[in-house]
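As a plain string of letters, each chain reads:
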Amino acid sequence: MSERWRGTAVLAVALFAVNVVARLVTRFGFDGDDTAAADRVSLGMFVVIGLVLAAVAFVWGRRQPVAAWGADLAAAVGVALLLTVLVGPLLVGDNPFGGGAGTFFAQIWLYLAAAGVGVLLGYLLLTALGLDHRSQSLKRYAELRATKPRRVVRR
């Protein structure tokens, strides 16, 4: 497996692991009827997912242009989302579609919202600090142009 896809696969597994931990904490740490605790754990899971993706966008954005890492990040989020929605409930003995269509699609939308906000915050912070790949390339170009003396062309 190439280095590019290895990072994407590791990110997808890490995002899925966050969900598995949240499901196990909800299953074994709280009473089955305590929906408020389950909601708090789910909110914490979404916050952790957003923070992980913000950190990844910050790190990957320094090394490569957005076009190079954006698709990899989207692929990792897509795989992690599918695993979270379809496999995650099976790990704790639930049916993925047991809560009905509303719950199923709400999980998808909340996951995508947390992922989108996380990536956006990470990249906006990176850009605001001027550390993104494009800003660094423009800075190197400006420094190179400033150091070369202007060549006079004679006729």
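Read on for an overview of the structure.

Reading the values: rules and limits
- Residue positions within a chain follow its written sequence, with the count starting from 1.
- At least 70 in pLDDT is required for a residue's local features to be given in this predicted model, at least 80 for side-chain atom pairs to be given and counted, and no such filter applies to totals for whole chains, interfaces and linings, which use all residues.
- Side-chain numbers come from the whole structure's heavy atoms, not from hydrogens or water.
- Helix and strand definitions here come from DSSP, where helices need a minimum of 4 consecutive H or I residues and strands a minimum of 2 consecutive E residues; each element is numbered from the N-terminal end.
- Atoms counted for the radius of gyration: C-alpha only. Globule rule: 2.2 Å times the number of residues to the power 0.38.
- Burial classification: accessible surface area is computed with a 1.4 Å probe over protein chains only, and a residue below 20% of its type maximum counts as buried, one above 50% as exposed, and the rest as partly exposed.
- Note on definitions: a residue-residue contact is assigned when non-hydrogen atoms from the two residues lie within 4.5 Å.
- Cavity and pocket criteria rest on a 1 Å grid covering protein atoms alone: a 1.4 Å probe that fits but cannot get out defines a cavity, protein on both sides within 12 Å along at least 5 of 7 lines defines an open pocket, and an atom within 4 Å of a point defines a lining residue.
- Grid points are joined across faces, edges and corners, and a volume is the space filled by probe spheres set on the points.
- Residues are grouped as follows: nonpolar covers Ala, Val, Leu, Ile, Met, Phe, Trp, Tyr, Cys and Pro; charged covers Asp, Glu, Lys and Arg; every other residue, Gly included, is treated as polar.

With that settled, the discussion passes to the overall build of the protein. Of the regular secondary structure elements, the protein holds five helices and zero strands. Ordered by position from the N terminus, the helices and strands of the protein form the series α-α-α-α-α. The globule rule puts the C-alpha radius of gyration for 155 residues at 15 Å, and the 21 Å found for the protein is more than 25% above it. Residue burial in the protein is summarised as follows: out of 155 residues, 28% are buried. In the protein, the proportion of contacts linking residues at least 24 apart, taken out of those at least 6 apart, comes to 75%.

A probe as big as a water molecule, rolled over the atoms, marks out the empty space that is left. By volume, the largest pocket is sized at about 900 Å³. Around the largest pocket sit 32 residues that line it, and Arg23, Ala38, Ser42, Asp94 and Gln107 are the ones nearest its centre. Listing elements by their share of the lining of the largest pocket, those giving two or more residues are helix H1 (3–29), helix H2 (35–63), helix H3 (66–91) and helix H4 (101–128). Per element, the largest residue contribution to the lining of the largest pocket is seven residues, and it comes from H2. For the lining of the largest pocket, a count of residues per class yields 14 nonpolar, twelve polar and six charged. Put simply, the second largest pocket is a space of about 190 Å³. Considering the residues around the second largest pocket, the lining is formed by Glu3, Arg4, Gly7, Thr8, Trp60, Arg63, Gln64, Trp69 and Asp72. The leading source of residues in the lining of the second largest pocket is H1, at four residues. Residue composition of the lining of the second largest pocket, grouped by class: two nonpolar, three polar and four charged.

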